[in-house]
Amino acid sequence: MSPKMMQFTRLDQQMPEKRSATDRKQDFNEIYTGFQPTRAGEQASRCEQCGIPFCQIHCPLGNNIPDWLMLTTAGRLKEAYELSSATNTMPEICGRICPQDRLCEGSCVLEQSTHRAVTIGAVEKYITDTAWAEGWVEPIVPRAERGESVGIIGSGPAGLAAAEELRKQGFAVHVYDRYDRMGGLLMYGIPGFKLEKDVVQRRIDRLEQAGVVFHPNTNVGKTVSFATLRARHDALLIATGVYKARGLALPGAGLKGVAKALDYLTASNKVSLGDSVAAFTSGELNAAGKDVVVIGGGDTAMDCVRTAIRQGAKSVKCLYRRDRDNMPGSQREVANAEEEGVEFVWLAAPEALLNEGTSDVVSGVRAVRMHLGVSDASGRQSPQPLEGSQFVLPADLVIEALGFEPEDLPQMFAQEELNVTKWGTLKVNPRSSMTTLDGVFAAGDIVRGASLVVWAIRDGRDSAAAISAYLNQKSLSDRAAAE
């Protein structure tokens, strides 16, 4: 008997229970408790089962969302998991950190009406967390062992997704990362209150059990040369992400007490993982007892303000030059931050970072009020300063969360032939993901620019298919030449 769907007329949208702001800002644990089985099925049953599934169309991975919602409603969770994981390498991670309000849920037909979207992300998380608990997440077993090996530079979502797909096909896979732990931004760039680290680690462990070889503390261009890796492997995938932080070009930007967002978040995550971090112990990257101002309006800025709250900051303000409606970060994250005590200073931009007397330590941010003028080339209204509207925010710690740009990989890797775009991202053939070096591929943010984890997973899976096709063709050519 088919499950009863389209229950949105009698069931309101409900998220999983959320810990109170008072409780959750005392630790770095995830803030949502997760659905109970009955509630998950009820919320999944709200799906309208559209003839044109806009949720699926607007998912970068093309997830079969209506189908696994229906299976969840029917209590067929193992089948729901199998369908979900067929298109997504890390569904429980996407369920936690994807900005669903800008993707699947934002495109849900119910969201366009007065009924509010199906809670797709929370159901996705529930399905795969249940699969892990029930032992349905099976080991990766290669179809047959291949003789070729693939090296992957970078262990973030793109690199891990590619590693899984390539290992399934029997390739020997080696992953190199500059950090001491695998996971990239999943491990060090995203706070535990959004993504607890054991959720990432079990994915890494599963890959290692399947035979993927991880090489931590390996900085390509320093620890090992790019040329050495190219000679060692039959193909290479560059999945380094974009780590060069955009900085403030303002008077006072060089003062002590001004930190890059990724440095700040990495230090906090390391401490949460039990590491000793000198810059945190000294107070340099610790917000405890300080007036904190975070400059920026994206998801990284939201991670910083909410981390500062948990570290015991005296006050936390987010300075953003546009209004709330034009903020690039998730509105759900903005609401969570406000509940936890973050103050947003909308329509304001920094003019200078201040210090007192001869001190070289930041003491405040001079800002100016803005208004939104005519639209720019992207269609967004350009912020314009209001004359004479300057004001000062006290600040002992200023965090720059202005986005990320690519590092100079041709210089870092000593590979002048590795061509880049005018934005510094790697040039690839859009059909094959191959760079301007034969047998060298690229995926994720280093091609796309700073983007979402879900896009990195998509790119990693696509690049794995391209690498497989390349090596298959190369094997056929070699065999034909030998004959």
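The structure presented is a predicted model; accordingly, all values stated were derived computationally and were not measured.

1. Some remarks on helix 12 (residues 197-209)
- The terminal C-alpha atoms of helix 12 lie 18 Å apart, and with 13 residues this matches the ideal 18 Å at 1.5 Å per residue to within 8%.
- Every buried residue belonging to helix 12 is among Lys 197, Val 199, Val 200, Arg 203, Ile 204, Arg 206 and Leu 207, and all of these are buried.
- Buried-residue contacts for helix 12 involve helix 6 (91-97), helix 9 (120-134), helix 10 (157-168), helix 11 (185-188), strand 3 (213-215) and helix 14 (261-272).
- Just past helix 12, the residue Gly 211 takes up positive phi, approximately 110 degrees.

2. Notes on the environment of Val 220
- Assignment of secondary structure puts Val 220 in the loop between strand 3 and helix 13 (226-232).
- Overall, the relative accessible area of 5% leaves Val 220 in the buried class.
- A C-alpha to C-alpha distance of 9.7 Å links Val 220 and Gly 154, two positions 66 residues apart in sequence.

3. Things to note about empty space enclosed by the protein
- With the rule as written, the count across this model stands at four cavities of 30 Å³ or more.
- A volume near 370 Å³ is recorded for the largest cavity.
- Mapped by element, the contributors of at least two residues to the lining of the largest cavity are helix 6, helix 9, helix 16 (299-310) and helix 17 (331-339).
- Grouping the constituent residues of the lining of the largest cavity by class yields nine nonpolar, five polar and 10 charged.

4. A look at the sheet that holds strand 9 (residues 343-345)
- Pairing in this open sheet of five strands is parallel, and the strands run 6-14-7-8-9 from one edge to the other. On the outer flanks of this sheet lie strand 6 (258-260) and strand 9, each paired with one strand and no other. For this sheet, the mean angle separating the axes of adjacent strands, direction not counted, is 25 degrees.
- Across three bridges, the pairing between strand 8 (residues 315-319) and strand 9 is parallel. By the bridge assignment, Lys 317 is partnered in strand 9 with Glu 343.
- Together, strand 7 (291-295), strand 8, strand 9 and strand 14 (397-400) form the strand contacts of helix 16, whose direction differs from that of strand 8 by roughly 170 degrees.

5. Digging into the sheet that holds strand 2 (residues 172-176)
- Here we have five strands laid out as an open sheet, ordered 3-2-1-4-16, and parallel in their pairing. Lying at the two open borders of the sheet, with one neighbouring strand each, are strand 3 and strand 16 (440-442). Between one strand axis and the next, the sheet turns through 20 degrees on average, direction left out of account.
- Pairing of strand 2 with strand 3, which is carried by three bridges, proceeds in the parallel orientation. When the sheet's bridge partners are listed, Val 175 is paired in strand 3 with Phe 214.

6. Quick notes on the pattern of salt bridges
- Under the defined criterion, the tally for this structure stands at 35 salt bridges.
- For Arg 167, the salt bridge goes to Glu 145, with nearest N and O atoms at 2.7 Å. One end of the pair, Arg 167, is in helix 10; the other, Glu 145, is in the loop between helix 9 and strand 1 (149-153), with 22 residues separating them in the sequence.
- According to the relative accessible area criterion, Arg 167 is buried, its value standing at 8%.
- For Glu 145, a relative accessible area of 56% gives the class exposed.
- Each of Lys 18, Arg 24, Arg 306, Arg 310, Glu 333, Glu 339 and Glu 340 takes part in salt bridges that share partners, so that together they form one network.

7. Side note on the pairing of strand 1
- Burial analysis of strand 1 places five of its five residues in the buried class, which makes it a mostly covered element.
- Judged by which residues are buried, strand 1 turns out to be covered on both faces: Ser 149, Gly 151 and Ile 153 on one side and Val 150 and Ile 152 on the other are all buried.
- When strand 1 meets strand 2, the two strands line up parallel, connected through five bridges. Counterpart to Gly 151 in the pairing with strand 2 is His 174.
- Traced from strand 1 through helix 10 to strand 2, the parallel crossover comes out right-handed.
- As paired strands, strand 1 and strand 4 (residues 235-238) are joined by four bridges and run parallel to one another.

8. Structural notes on the packing of helix 10 against helix 20 (residues 453-482)
- Where helix 10 contacts helix 20, the axes come no closer than 7 Å and their chain directions differ by 40 degrees. In this structure, the crossing between helix 10 and helix 20 has a hand that is right-handed. Where helix 10 abuts helix 20, its residues Pro 157, Ala 158, Ala 161, Ala 162, Glu 165 and Leu 166 lie against Val 453, Ala 456, Ile 457, Gly 460, Arg 461, Ser 463, Ala 464, Ile 467 and Ser 468.
- Each residue belonging to the contact of helix 10 with helix 20 can be placed in one class, and the counts come to 10 nonpolar, three polar and two charged.

Reading the values: rules and limits
Residue numbering note: each chain is counted from 1, following its sequence as written. Residues qualify for local features only when their pLDDT is at least 70, as the model is predicted, and side-chain atom pairs are given and counted only at 80 or more; totals for whole chains, interfaces and linings, by contrast, use all residues. For side-chain calculations, the full set of non-hydrogen atoms in the structure is used, while hydrogens and water are omitted. Put simply, DSSP marks the helices as runs of H or I at least four residues long and the strands as runs of E at least two long, and each gets a number from the N terminus on. Between the first and last residue of a helix there are one fewer steps than residues, each counted as 1.5 Å, and that sum is the expected span. Only protein chains enter the accessibility calculation, which uses a 1.4 Å probe. A residue is then buried if its area is under 20% of the maximum for its type, exposed if over 50%, and partly exposed in between. Contacts are residue-level and defined by heavy atoms, with any inter-residue pair within 4.5 Å sufficient. Buriedness of a pocket was judged along seven lines, with at least five required to meet protein on both sides within 12 Å; pockets are open sets of points on a 1 Å grid over the protein atoms alone, cavities are sets where a 1.4 Å probe fits but cannot get out, and lining residues have an atom within 4 Å of a point. Grid points are joined across faces, edges and corners, and a volume is the space filled by probe spheres set on the points. Three classes are used: nonpolar for Ala, Val, Leu, Ile, Met, Phe, Trp, Tyr, Cys and Pro, charged for Asp, Glu, Lys and Arg, and polar for all others, with Gly counted as polar. Two strands make a pair as long as DSSP finds a minimum of two bridges between them. Where helices are involved, their axes are fitted lines through C-alpha atoms of the stretch in contact, as for all axes, and angles between N-to-C directions lie from 0 to 180°. When a carboxyl oxygen of Asp or Glu lies within 4 Å of a side-chain nitrogen of Lys or Arg, that pair is called a salt bridge. A clockwise course of the path from the first strand over the helix to the second, judged with the strands pointing away from the viewer, identifies a crossover as right-handed. Helix crossings get a hand from a simple test, with the near helix turned counterclockwise from the far one by less than a right angle marking a left-handed crossing and a clockwise turn marking a right-handed one.

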